[in-house]
Amino acid sequence: SAVAQALMDFFVSADRDRDGYMSIGEFEQRIMQRIADMQFDCRAEDLEAILRAADFTGDGNMNFLEFLRLFGRRETGAASIASLNMMDALTFLIWLHRNALAALFRFIGVHGKVTRDQVFWAFSCLQRVANGDLDDDKVATLVDSITFGETGKVDAGALLSAFKLIDLG
């Protein structure tokens, strides 16, 4: 969707060091620039509070899924929490099984690149094998947030790296 593409474009442009995470500093710098361009008035402290609230891991950085959570709360209450929990579960499964997915993507992809349909199929199969409760619409939502290049493909390694989890234990 156009919104998912705009969010991905913003995230990539804010991630200046290209490490797959948007730090508080990177977020503040990019969003303050956008706010100034639109001639809005906003305090840096308010933006920092927003980022800290979205930073699920508490490490001062947001991965793309944490960033998307800022904009994906259309539902409220238990339905929203359940939806986020299911998306978190799928994200965990993807990271947990990243080596198997990488091997699968090497087999079905071409030159390290995979298509939207291949990613959707792989993620759907993974959550079914793991007895996940996520329906295909939720998997599609996750896949729709991925930017596929002009060729309609994405680098499989970079894609799997975007699901990196930080072990705080």
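These lines cover the structure that appears in this document, whether it is placed above or below. All of these numbers come straight from a predicted model, not from anything done at the bench. (Residues numbered from 1 in each chain as written. Predicted model: local features only at pLDDT ≥ 70, side-chain atom pairs only at ≥ 80, totals over all residues. Heavy atoms only, no water.)

**Thoughts on the overall build of the protein**
Working step 1: Secondary structure assignment for the protein yields 9 helices and 4 strands.
Working step 2: Helices (α) and strands (β) of the protein occur, in sequence order from the N terminus, as α-β-α-α-β-α-α-α-β-α-α-β-α.
Working step 3: Taken across its 169 residues, the protein has 37% of its residues classed as buried.
Working step 4: Taking all contacts inside the protein whose residues are at least 6 apart in sequence as the whole, residues at least 24 apart take part in 58%.
Working step 5: Accessible surface, the protein: about 10000 Å² in total, of which carbon and sulfur atoms supply 56%. (Helix = DSSP H or I, 4+ residues; strand = E, 2+ residues; numbered from the N terminus. Buried < 20%, exposed > 50% of the residue type's maximum accessible area, 1.4 Å probe, protein only. Contact = heavy atoms within 4.5 Å. Areas by Shrake-Rupley, 256 points an atom, 1.4 Å probe, with all protein chains shown as cover.)

**Let's talk about unusual backbone geometry**
Working step 1: Unusually for a residue other than glycine, His111 sits at a positive phi of about 55°.
Working step 2: Note that His111 resides in the loop between α6 (98-108) and β3 (113-115).
Working step 3: Take His111: its relative accessible area is 79%, and that puts it in the exposed class.

**Section: the pattern of salt bridges**
Working step 1: Applying the stated rule across the entire model yields 1 salt bridge.
Working step 2: Close ionic contact of Arg116 with Asp144 constitutes a salt bridge, the shortest N to O distance being 2.6 Å. Pair noted here: Arg116 is in helix α7 (residues 116-129) and Asp144 is in helix α8 (residues 136-144), with a separation of 28 residues, a long-range link. (Salt bridge = Lys/Arg side-chain N within 4 Å of Asp/Glu carboxyl O.)

**Details of the layout of surface pockets**
Working step 1: There is about 540 Å³ of room inside the second largest pocket.
Working step 2: Residue lining of the second largest pocket: 23 residues in total, with Met8, Val12, Ala158, Leu159 and Ala162 positioned closest to the centre.
Working step 3: Those elements that provide at least two residues to the lining of the second largest pocket are α1 (2-14), α4 (64-69), β4 (153-155) and α9 (156-161).
Working step 4: Grouping the constituent residues of the lining of the second largest pocket by class yields 14 nonpolar, 4 polar and 5 charged. (1 Å grid on protein atoms, 1.4 Å probe; cavity = no way out; pocket = protein on both sides within 12 Å on 5 of 7 lines; lining within 4 Å. Points joined across faces, edges and corners; volume = space filled by probe spheres on them. Nonpolar A, V, L, I, M, F, W, Y, C, P; charged D, E, K, R; others polar.)

**Considering helix α3 (residues 44-54)**
An α-helical turn contains 3.6 residues, so any two residues separated by three or four positions project in the same direction.
Working step 1: Residues of α3 that are buried: Leu47, Leu51 and Ala54. Viewed along the axis of α3, the buried residues span an arc of 65°, placing them on a single side of the element. Pointing more than 90 degrees away from the buried face of α3 are the exposed residues Glu45 and Ala53.
Working step 2: On its buried side, α3 packs onto β1 (22-23), α2 (24-37), β2 (61-62) and α4. (Arc of directions from axis to C-beta.)

**Focus: the packing of α6 against α7**
Working step 1: One can describe the packing of α6 onto α7 by two numbers: an axis separation of 11 Å at closest approach and a directional angle of 145°. Crossing of α6 over α7 shows right-handed handedness. Facing α6, whose interface residues are Leu101, Leu104, Phe105 and Ile108, α7 presents Gln118, Val119, Trp121, Ala122, Phe123 and Leu126.
Working step 2: Considered class by class, the residues forming the contact of α6 with α7 number 9 nonpolar, 1 polar and no charged. (Axes fitted to C-alpha atoms, helices over the stretch in contact; angles between N-to-C directions. Left-handed = near helix turned anticlockwise from the far one by under 90°.)

**Looking at the side chain of Ser124**
Working step 1: Along the chain, Ser124 turns up in helix α7.
Working step 2: We classify Ser124 as buried; its relative accessible area is 3%.
Working step 3: A distance of 3.5 Å separates polar atoms of two side chains, one belonging to Ser124 and the other to Asp136.
Working step 4: Setting aside its immediate chain neighbours within four residues, Ser124 contacts Asp136 and Val139. (Polar contact = N/O pair within 3.5 Å; in protein donor to acceptor, adjacent residues only side chain to side chain.)

**Some remarks on the packing of α7 against α8**
Working step 1: At a minimum axis separation of 10 Å, α7 and α8 run at an interaxial angle of 135°. Of the possible angle classes, the one that applies to α7 and α8 is oblique. For the crossing formed where α7 meets α8, the hand is right-handed. Of the residues in α8, those touching α7 at Arg116, Val119, Phe120, Phe123, Ser124, Gln127 and Arg128 are Asp136, Val139, Ala140, Leu142, Val143 and Asp144.
Working step 2: Broken down by class, the residue content of the contact of α7 with α8 amounts to 7 nonpolar, 2 polar and 4 charged. (Parallel < 35°, antiparallel > 145°, perpendicular 65-115°, else oblique.)

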